[in-house]
Amino acid sequence: METECKRQRGLDAGRRWAERAAPEKLAAMANGSFDDFNQMLPPDMSDQFIGGFREAVLHVWRGG
């Protein structure tokens, strides 16, 4: 359950960030790898959070 909670927090944060990001930053992140997100986010973020964040950014980028 904690894993899903971390992923959901990442989804929520990623969506909020992507909706407010400048188009060039959104494009750069949408084309980035998991490691790129890992470097951008604070070092104490879990893999589940980072995965959710990345998923949300890609969803916004694709127009979902």
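Per-chain numbering applies: the sequence of each chain, read as written, is numbered from 1 onward. Local features in a predicted model are, by the rule used here, given only for residues with pLDDT of at least 70; side-chain atom pairs are given and counted only at 80 or more, and totals for whole chains, interfaces and linings are based on all residues. Working from all heavy atoms in the structure, the side-chain values ignore hydrogens and water.

Asker: For this particular structure, what's the right way to read helix α4 (residues 47–61)?
Answerer: Working note: α-helix, 3.6 residues per turn, so residues spaced by three or four point in the same direction. Helix and strand assignments follow DSSP, with helices taken as H or I runs no shorter than four residues and strands as E runs no shorter than two, numbered in order from the N terminus. Here a helix's expected span is defined as the number of its residues, less one, multiplied by 1.5 Å. Between its terminal C-alpha atoms α4 stretches 21 Å, which fits the 21 Å expected from 15 residues at 1.5 Å a residue. By the burial criterion, the buried members of α4 are F49, I50, G52, F53, A56, V57, L58 and V60. Of the surrounding secondary structure, the elements contacted by the buried residues of α4 are α1 (2–20), α2 (23–30) and α3 (34–40). After α4 finishes, the residue G63 shows a positive phi value of roughly 90 degrees. Only protein chains enter the accessibility calculation, which uses a 1.4 Å probe; a residue is then buried when its area is under 20% of its type maximum, exposed when over 50%, and partly exposed in between. Throughout, a contact is declared for two residues whenever any of their heavy atoms are within 4.5 Å.

Asker: Please explain the nonpolar core as it appears in this structure.
Answerer: Soluble globular proteins tend to bury their nonpolar side chains together. Ranked by size, the top nonpolar core spans 12 residues in total: A13, A18, A21, L26, M29, F37, L41, F49, I50, F53, V57 and V60. Counting residues per element, the ones that place at least two in this core are α1, α2 and α4. In terms of residue count, α4 provides more of this core than any other element does, five residues in total. With near-sequence residues (within four places) excluded, I50 lies in contact with F34, F37, N38, L41 and M45. Put simply, buried Ala, Val, Leu, Ile, Met, Phe, Trp, Tyr and Cys residues joined by side-chain atoms within 4.5 Å make one nonpolar core.

Asker: Quick question: what am I supposed to make of α1 here?
Answerer: Taking 1.5 Å per residue, 19 residues should reach 27 Å; α1 reaches 27 Å between its end C-alpha atoms and fits that length. Every buried residue of α1 is accounted for by G10, L11, A13, G14 and A18. Tucked inside the fold, the buried residues of α1 contact α2 and α4.

Asker: Just checking my understanding: could you explain the pattern of salt bridges for this structure?
Answerer: Pairs can form between side chains of opposite charge once their charged atoms are near each other. What counts as a salt bridge is simple: a side-chain nitrogen of Lys or Arg found within 4 Å of a carboxyl oxygen of Asp or Glu. All chains considered together, the criterion is met by four salt bridges. Measuring nitrogen to oxygen at the nearest pair gives 2.9 Å for the salt bridge that ties R7 to E55. Of the two residues, R7 is situated in helix α1 and E55 in helix α4; the sequence distance between them amounts to 48 residues. Residue E19 pairs with R15 through a salt bridge whose shortest N-O separation is 3.5 Å. In this pair, E19 and R15 both sit in helix α1, four residues apart, roughly one turn of the helix. According to the relative accessible area criterion, R15 is partly exposed, its value standing at 35%.

Asker: Teacher, can you tell me more about the confidence of the model for the chain here?
Answerer: Close inspection of predicted coordinates is inappropriate for parts of the model with low pLDDT. One confidence number per residue, pLDDT, is output by the predictor and ranges from 0 to 100. Confidence along the chain averages 91 in pLDDT terms, with 98% of residues attaining 70 or more. Predicted confidence in the chain is weakest over α3, with a mean pLDDT of 86, and strongest over α1, with 95.

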